[in-house]
Amino acid sequence: MKNKKERTLELYKSIGAEMRLVKNLSKKMASDVSLVLSASDKDKLGKALSIIDDISSKAEDNMFRYYPELGDEYINVFYGSLNSEPKNKIDAEIIKRAQAVA
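Scope of this entry: the structure provided in the associated data block. The model shown is predicted, which means the values in this text are computed figures rather than measured ones. Each residue is numbered by its place in its chain's sequence as written, counting from 1. Where totals are concerned, whole chains, interfaces and linings use all residues; where local detail is concerned, this predicted model gives features only for residues with pLDDT of at least 70, and gives and counts side-chain atom pairs only at 80 or more. For side-chain calculations, the full set of non-hydrogen atoms in the structure is used, while hydrogens and water are omitted.

## Overview of the overall build of the protein chain
A helix here means a DSSP run of H or I that spans at least four residues, while a strand means a run of E at least two residues long, and both kinds are numbered starting from the N terminus. Across its full length, the protein chain carries 3 helices and 0 strands. Going from the N terminus to the C terminus, the protein chain shows its helices and strands as α-α-α. The dimensions of the protein chain, computed from C-alpha atoms along their principal axes, are 45 × 30 × 20 Å. Accessible area is worked out with a 1.4 Å probe on protein chains only. A residue is then buried under 20% of its type maximum, exposed over 50%, and partly exposed in between. Per-residue burial for the protein chain yields a buried fraction of 28% across its 102 residues. Residues count as neighbours in contact if any of their non-hydrogen atoms are within 4.5 Å of one another. Taking contacts inside the protein chain between residues at least 6 apart in sequence as the whole, the part at least 24 apart equals 60%. With residues, only the protein chains shown are counted as cover, and all accessible areas are computed by Shrake-Rupley using a 1.4 Å probe. Of the accessible surface of the protein chain, which amounts to about 6,700 Å², a share of 57% is contributed by carbon and sulfur atoms. Asp and Glu are treated as the negative residues and Lys and Arg as the positive ones, with His and the ends of the chain left uncounted. A charged residue contributes its charge at one atom only: NZ of Lys, CZ of Arg, CG of Asp or CD of Glu. Measuring between centres, the 18 positive side-chain charges of the protein chain sit 3 Å from its 16 negative side-chain charges.

Written as structure tokens, this is what we have:
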């Protein structure tokens with residue numbers, strides 16, 4: 001794990017954009033692939049997606065731990081749709097970063 005000096009807010013934003021992109025694509029993929037999977041395989045996929053959500057939550061917790069001065073607008077770094085109207089300036093920035101990665 002990087003030390004605090006290396007864990008810049010810019011790094012968290014970049015990772016947040018990637019996480020949001022992965023989670024948004026995963027939701028669509030899960031819906032589509034569920035048409036051709038057994039119940040057991042759907043459960044496995046659900047568990048994998050749950051792990052991604054858990055990791056995202058831990059990354060967010062670390063961001064707020066290392067940057068306690070951040071306001072509520074930073075809740076949108078790791079969470080939210082990429083297709084809806086941005087909720088605030090940070091949300092808009094993360095959406096733009098995710099689109100650049102895509």
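## Let's talk about the environment of lysine 47
Position of lysine 47 relative to the elements: it lies in helix H2 (residues 39–66). Residue lysine 47 is classed as exposed on the basis of its relative accessible area, which comes to 60%. Each C-alpha atom, one on lysine 47 and one on leucine 70, is 31 Å from the other, the two residues being 23 residues apart in sequence.

## Describing the packing of helix H1 (residues 9–33) against helix H3 (residues 89–101)
Whenever a helix is involved, its axis is fitted only over the stretch in contact; in every case the axis is a line through C-alpha atoms, and angles between N-to-C directions fall within 0 to 180 degrees. Closest axis-to-axis distance for the H1/H3 pair is 8 Å, and the angle between their directions is 65 degrees. The orientation of H1 relative to H3 falls into the category roughly perpendicular. Note that H1 runs across H3; the crossing there is right-handed. Counted together, Glu10, Lys13, Ser14, Gly16, Ala17, Glu18, Arg20 and Leu21 of H1 and Ile90, Asp91, Glu93, Ile94, Ile95, Arg97, Ala98 and Val101 of H3 form the full contact between these two elements. When the residues that make up the contact of H1 with H3 are grouped by side-chain class, the tally is 7 nonpolar, 2 polar and 7 charged. To sort the angles, those under 35 degrees are grouped as roughly parallel, those over 145 as roughly antiparallel, those from 65 to 115 as roughly perpendicular, and the leftovers as oblique. Crossing handedness follows the turn of the near helix against the far one: under a right angle anticlockwise gives a left-handed crossing, and clockwise gives a right-handed one. Basically, the charged four are Asp, Glu, Lys and Arg, the nonpolar ten are Ala, Val, Leu, Ile, Met, Phe, Trp, Tyr, Cys and Pro, and anything else, Gly included, counts as polar.

## Observations concerning the packing of aromatic side chains
Two rings belonging to Phe, Tyr or Trp (six-membered ring only in the last case) form a pair when the distance between their centres is within 6.5 Å. Interplanar angles under 30 degrees mark stacking, angles over 60 mark edge-to-face geometry, and anything in between is tilted. For the structure shown, the criterion picks out 1 aromatic pair. Seen in terms of ring centroids, tyrosine 12 and tyrosine 67 are 6.2 Å apart; in terms of plane orientation they differ by 85 degrees. Their pairing is edge-to-face. Separated by 55 residues along the polypeptide, tyrosine 12 in helix H1 and tyrosine 67 in the loop between H2 and H3 bring together distant segments of the chain. Residue tyrosine 67 is classed as buried on the basis of its relative accessible area, which comes to 15%.

## Quick notes on the nonpolar core
As used here, the term nonpolar core means buried Ala, Val, Leu, Ile, Met, Phe, Trp, Tyr and Cys residues forming a set that is joined through side-chain atoms within 4.5 Å. Formed by 17 residues in total, the largest nonpolar core has its most connected members in Met63, Tyr74, Val77 and Phe78. At the level of secondary structure, the elements contributing two or more residues to this core comprise H1, H2 and H3. Look past the residues within four positions of phenylalanine 78 in its chain and what remains in contact with it is Tyr12, Ile15, Gly16, Met19, Arg20, Lys23, Ser56, Ala59, Glu60 and Met63.

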